[in-house]
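If you want the building blocks of each chain, they are given just below.
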Amino acid sequence: GAGVSQTPSNKVTEKGKYVELRCDPISGHTALYWYRQSLGQGPEFLIYFQGTGAADDSGLPNDRFFAVRPEGSVSTLKIQRTERGDSAVYLCASSPVSGADTQYFGPGTRLTVL
Amino acid sequence: RKEVEQDPGPFNVPEGATVAFNCTYSNSASQSFFWYRQDCRKEPKLLMSVYSSGNEDGRFTAQLNRASQYISLLIRDSKLSDSATYLCVVSPRFAGGTSYGKLTFGQGTILTVHP
């Protein structure tokens, strides 16, 4: 079956611009997670959704980052006033039930801020 | 100090070798433990969960030492296809056993298996 999909696969933007990154979880998965992976590092947790609500947003680095999941399926990660330090691969994962151990990752969006 | 620490390597081993990776974690509330594998420019994929009693899956053996907050992964009879980055991952649990959901990753250990 279809896995987690993310669009775009690559995004190049200029410093100060606004970007949106989209995640389509596996159908029927109630939990959705966003992570960020910088070069040479492991993924770093950003935010976790259970249904439509953000159950834990403690990993969002500052108020330029925001994520939504209005219908409990697709999620959008929004970054305002991008900075060069935001350049990374943004990974989305989903799991079938709340807090399930097995998370299935999407291929990621590679964001480059010039 | 990072919450999950791994030796980044790289480890370069010949086919057929046995290689071991180690990982330590600092959060004593961590209750779920995993090894993920990540191929170059791909997403992480679950390799195996790590249980208190230790567990084996084919050529892969994982061990957990809660007292020392230490996790290991042993790969026997290495194959060329084992070349990847191996990520040590921990997660806390809510009381009652439901997983919290947030995964904390180590920086990964790079393994290259050569002919």
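Here is a short report on the structure shown in this document. The model shown is predicted, which means the values in this text are computed figures rather than measured ones. (Residues numbered from 1 in each chain as written. Chains lettered and ligands numbered in written order. Predicted model: local features only at pLDDT ≥ 70, side-chain atom pairs only at ≥ 80, totals over all residues. Heavy atoms only, no water.)

Quick look at the nonpolar core now. In a soluble, globular protein the nonpolar side chains are often hidden away together inside. Residues and elements named next belong to chain B. Residues Phe21, Trp35, Ile71, Leu73, Ile75, Tyr86 and Leu111 are the most contacted members of the largest nonpolar core, which totals 23 residues. Listed by contribution, the elements that provide at least two residues to this core are β3 (19-25), β4 (30-38), β5 (44-50), β7 (60-65), β8 (70-75), β9 (84-92) and β11 (109-114). What Tyr86 contacts, discounting residues up to four positions off in sequence, is Gln6, Phe21, Trp35, Tyr36, Arg37, Leu47, Phe60, Leu73, Ile75, Gly108, Thr109 and Leu111. (Core = buried A, V, L, I, M, F, W, Y, C linked by side-chain atoms within 4.5 Å. Buried < 20%, exposed > 50% of the residue type's maximum accessible area, 1.4 Å probe, protein only. Helix = DSSP H or I, 4+ residues; strand = E, 2+ residues; numbered from the N terminus. Contact = heavy atoms within 4.5 Å.)

Once that is clear, we can look at the side chain of Gln37 of chain A. Mapped onto the fold, Gln37 of chain A is located in strand β4 (residues 31-37). Side chain to side chain, Gln37 of chain A and Gln38 of chain B meet in a polar contact 2.9 Å long. Once you skip the residues sitting within four places of it in the chain, Gln37 of chain A turns out to touch Gly42, Pro43, Ala88, Val89 and Leu91 of chain A together with Gln38 of chain B. (Polar contact = N/O pair within 3.5 Å; in protein donor to acceptor, adjacent residues only side chain to side chain.)

All names here are of chain B. Structurally, Arg37 can be placed in strand β4. With 24 residues separating them along the chain, Arg37 and Thr61 place their C-alpha atoms 14 Å apart. Ignoring anything within four residues of it in the chain, the contact list for Arg37 reads Glu43, Pro44, Lys45, Leu47, Ser81, Asp82, Ser83, Ala84, Thr85 and Tyr86. A distance of 2.8 Å separates a polar atom in the side chain of Arg37 from a polar atom in the side chain of Asp39. Looking at Arg37, its side chain comes within polar contact range of the main-chain oxygen of Ser83, at 3.4 Å.

Bringing the sheet that holds strand β8 (residues 75-79) of chain A into the picture now. All names here are of chain A. Ordered by their spatial adjacency, four strands build an open sheet running β1-β3-β8-β7, and the pairing between neighbours is antiparallel. Because the sheet does not close on itself, it has two edges, and the strands there are β1 (5-7) and β7 (65-68). Sheet twist, expressed as the mean angle between neighbouring strand axes with direction ignored, is 15°. Across five bridges, the pairing between strand β3 (residues 19-24) and β8 is antiparallel. Across the sheet, residue Val19 finds its bridge partner in β8, namely Ile79. (Pairing = 2+ DSSP bridges. Axes fitted to C-alpha atoms, helices over the stretch in contact; angles between N-to-C directions.)

Here we come to the pattern of salt bridges. Inspection of every chain in the model, using the stated rule, returns seven salt bridges over all chains. We note a salt bridge from Asp86 of chain A to Arg64 of chain A, for which the minimum N-O separation is 2.8 Å. Of the two residues, Asp86 of chain A is situated in the loop between β8 and β9 (88-95) and Arg64 of chain A in the loop between β6 (53-56) and β7; the sequence distance between them amounts to 22 residues. Arg37 of chain B is paired through a salt bridge with Asp39 of chain B; the nearest N and O atoms lie 2.8 Å apart. Note on Asp39 of chain B: relative accessible area 31%, which makes it partly exposed. One continuous salt-bridge network, built from bridges that share partners, spans Arg64, Glu83 and Asp86 of chain A. (Salt bridge = Lys/Arg side-chain N within 4 Å of Asp/Glu carboxyl O.)

A few words on the environment of Ser78 of chain B. Residue and element names in this part refer to chain B. Its location among the elements puts Ser78 in the loop between β8 and β9. Taking the C-alpha atoms as reference points, Ser78 and Gly16, separated by 62 residues in sequence, lie 4.6 Å from one another. Excluding residues within four positions of it along the chain, Ser78 makes contact with Val13, Pro14, Glu15, Gly16, Ala17, Val19, Arg59 and Val113.

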